[in-house]
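Remarks on the overall topology
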Amino acid sequence: MTEQAGPRHTLHSYDEELDHIRRLIRDSGQLAGRQLLGAVDAMVRRDFVGAAAIVAADEEIDQLQAATEQQAIRTIGRRAPMADDLREIISAIKIAGELERVGDYAKNIAKRVPVIGETAPVAPAVIVPEMAKLVVRMIDDAIAAYIGRDVALAKQVIEADTAADEFYNSLFRSLLVHMIENPRQTTQSAHLLFVAKNLERVGDHATNIAEMVCYTATGEPGASRASTAGAAYAPLPAPADR
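The model shown is predicted, which means the values in this text are computed figures rather than measured ones.

**With respect to the packing of helix α5 (residues 127-148) against helix α6 (residues 151-181)**
Interhelical geometry of α5 versus α6 gives an angle of 165° and a closest axis separation of 10 Å. Comparing their axes, α6 and α5 come out roughly antiparallel. Considering how the two elements wind past one another, α5 and α6 form a crossing that is left-handed. Contact residues: α5 offers Ile127, Val128, Glu130, Met131, Leu134, Val135, Met138, Asp141, Ala142, Ala144 and Ala145, while α6 offers Leu153, Ala154, Val157, Ala160, Asp161, Ala163, Ala164, Phe167, Tyr168, Ser170 and Leu171. Here the residues of the contact of α5 with α6 are counted per class, giving 18 nonpolar, one polar and three charged.

**What to know about the layout of surface pockets**
Considered as a void within the structure, the largest pocket measures approximately 150 Å³ in volume. Every residue along the wall of the largest pocket is listed here: Met43, Val44, Arg46, Ile116, Pro121, Val122, Ala125, Val126, Pro129, Gln188 and Leu192. Looking at the lining of the largest pocket, the elements that each hand over two or more residues are α1 (2-45) and α7 (186-218).

**Details of the confidence of the model for the chain**
In this model, the chain carries an average pLDDT of 87, and 86% of its residues clear a pLDDT of 70 or more. Considering only residues more than four positions removed or in separate chains, one finds that residues 1-6, a stretch of pLDDT under 50, has zero contacts. Low pLDDT, under 50, characterises residues 227-242; the stretch is placed with 21 contacts to residues that sit more than four places away or in other chains.

**Some details on helix α3 (residues 58-79)**
The terminal C-alpha atoms of α3 lie 32 Å apart, and with 22 residues this matches the ideal 32 Å at 1.5 Å per residue to within 8%. Within the span of α3, buried status applies to Asp58, Ile61, Leu64, Gln65, Thr68, Gln71, Ala72 and Thr75. In a view along the axis of α3, the buried residues occupy a sector of 150°, so they form one face of it. The outward face of α3, more than 90 degrees from its buried face, is lined by the exposed residues Glu59, Ile73, Gly77 and Arg78. Residue alanine 80 follows α3 closely and has a positive phi angle near 45°.

**A short note on the environment of methionine 179**
Within the fold, methionine 179 resides in helix α6. Among the residues examined, methionine 179 registers a relative accessible area of 15% and is labelled buried. Each C-alpha atom, one on methionine 179 and one on valine 122, is 9.6 Å from the other, the two residues being 57 residues apart in sequence. Once residues within four sequence positions are removed from consideration, methionine 179 is found in contact with Thr186, Ser189, Ala190 and Leu193.

**So, unusual backbone geometry**
Although it is not a glycine, alanine 80 sits at a positive phi angle of roughly 45°. In this structure alanine 80 comes out as exposed when scored by relative accessible area, which is 52%.

**As for the packing of aromatic side chains**
Summed over the entire model, instances satisfying the criterion amount to one aromatic pair. Both rings, one in tyrosine 168 and one in phenylalanine 172, keep their centres 6.0 Å apart while their planes meet at 55°; by these two values the pair is tilted. Of this pair, tyrosine 168 and phenylalanine 172 are both found in helix α6, four residues apart, which corresponds to roughly one turn of the helix. The class of phenylalanine 172 is buried, set by a relative accessible area of 15%. Over the ring of tyrosine 105 we find arginine 101; its NZ or CZ atom is 4.8 Å from the centre of that ring. Here lysine 197 stacks its cationic end above the ring of tyrosine 168, 5.0 Å away from the centre of that ring.

**Points about the environment of alanine 56**
As for its placement among the helices and strands, alanine 56 is situated in helix α2 (residues 48-56). Sequence separation between alanine 56 and alanine 110 is 54 residues, and the spatial gap between their C-alpha atoms is 10.0 Å.

**Description of the pattern of salt bridges**
Two side chains with opposite charge may pair up if their charged atoms get near one another. Applying the stated criterion across every chain yields a total of 15 salt bridges. Put simply, aspartate 47 and arginine 45 hold a salt bridge, and the shortest N to O gap is 3.1 Å. Where aspartate 204 meets arginine 201, a salt bridge forms, and the shortest distance between an N and an O atom there is 2.7 Å. In this pair, aspartate 204 and arginine 201 are both assigned in helix α7, three residues apart and thus about one turn of the helix distant. Residue class for aspartate 204 comes out buried when judged on its relative accessible area of 11%. For arginine 201, a relative accessible area of 28% puts it in the partly exposed group. Connected via shared salt-bridge partners are Asp19, Arg22, Asp84, Asp85, Glu88 and Arg149.

Conventions and cut-offs
Residues numbered from 1 in each chain as written. Predicted model: local features only at pLDDT ≥ 70, side-chain atom pairs only at ≥ 80, totals over all residues. Heavy atoms only, no water. Axes fitted to C-alpha atoms, helices over the stretch in contact; angles between N-to-C directions. Helix = DSSP H or I, 4+ residues; strand = E, 2+ residues; numbered from the N terminus. Parallel < 35°, antiparallel > 145°, perpendicular 65-115°, else oblique. Left-handed = near helix turned anticlockwise from the far one by under 90°. Contact = heavy atoms within 4.5 Å. Nonpolar A, V, L, I, M, F, W, Y, C, P; charged D, E, K, R; others polar. 1 Å grid on protein atoms, 1.4 Å probe; cavity = no way out; pocket = protein on both sides within 12 Å on 5 of 7 lines; lining within 4 Å. Points joined across faces, edges and corners; volume = space filled by probe spheres on them. pLDDT = per-residue confidence, 0-100. Expected span 1.5 Å × (residues − 1). Buried < 20%, exposed > 50% of the residue type's maximum accessible area, 1.4 Å probe, protein only. Arc of directions from axis to C-beta. Phe/Tyr/Trp six-rings, centres within 6.5 Å; stacked < 30°, edge-to-face > 60°. Lys NZ or Arg CZ within 6 Å of the ring centre and 35° of its normal. Salt bridge = Lys/Arg side-chain N within 4 Å of Asp/Glu carboxyl O.

Quick look at the structure:
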């Protein structure tokens, strides 16, 4: 009995360490999503106090990233994991970094709220909350795919990146036209362009996480994504003859 108890105890302890890493990733993803939606909500409602709180809370995501890295390194050092377990732990370190960048984008959006909110609302900004919901859903699904090793869900996230790019392209063109027609709102529109780009990059980070999930589960990279972000820089169509 004693000889068998040791290995079982060791295996249980190892599983607990892996579960701890997964919980840290889950918590990081949830916090990053809340921060991002909170920043966009503060922008829409012109909530300067709420925006400042988003900026201040960024340190929490940084701390979760550090905790994930420390736990992952300890687990590698003590357990010497092999094959898919090692891939999962290495992916956790990378995913924590991706989520930390999402937190940075939320903070960046929140910092722009005072400038965006100092003048009348810009009409194309109504697209921003829907784009934010899409990329946060991508983050949530990517984290769920990581925890559940769900390759099918991960591939759905990769495919959804096209929709995020299309949101960005639409907003880019709308804001460009708005700036031409409303030069007094050029500064506000320019900040909204940066907000849109930040959200598009969040979609890219969600896709990166999903690709790591595919690699963790199969040892092979995820499906290639066909980005359409460059379409935003295509020339605007010439006005029709009248």
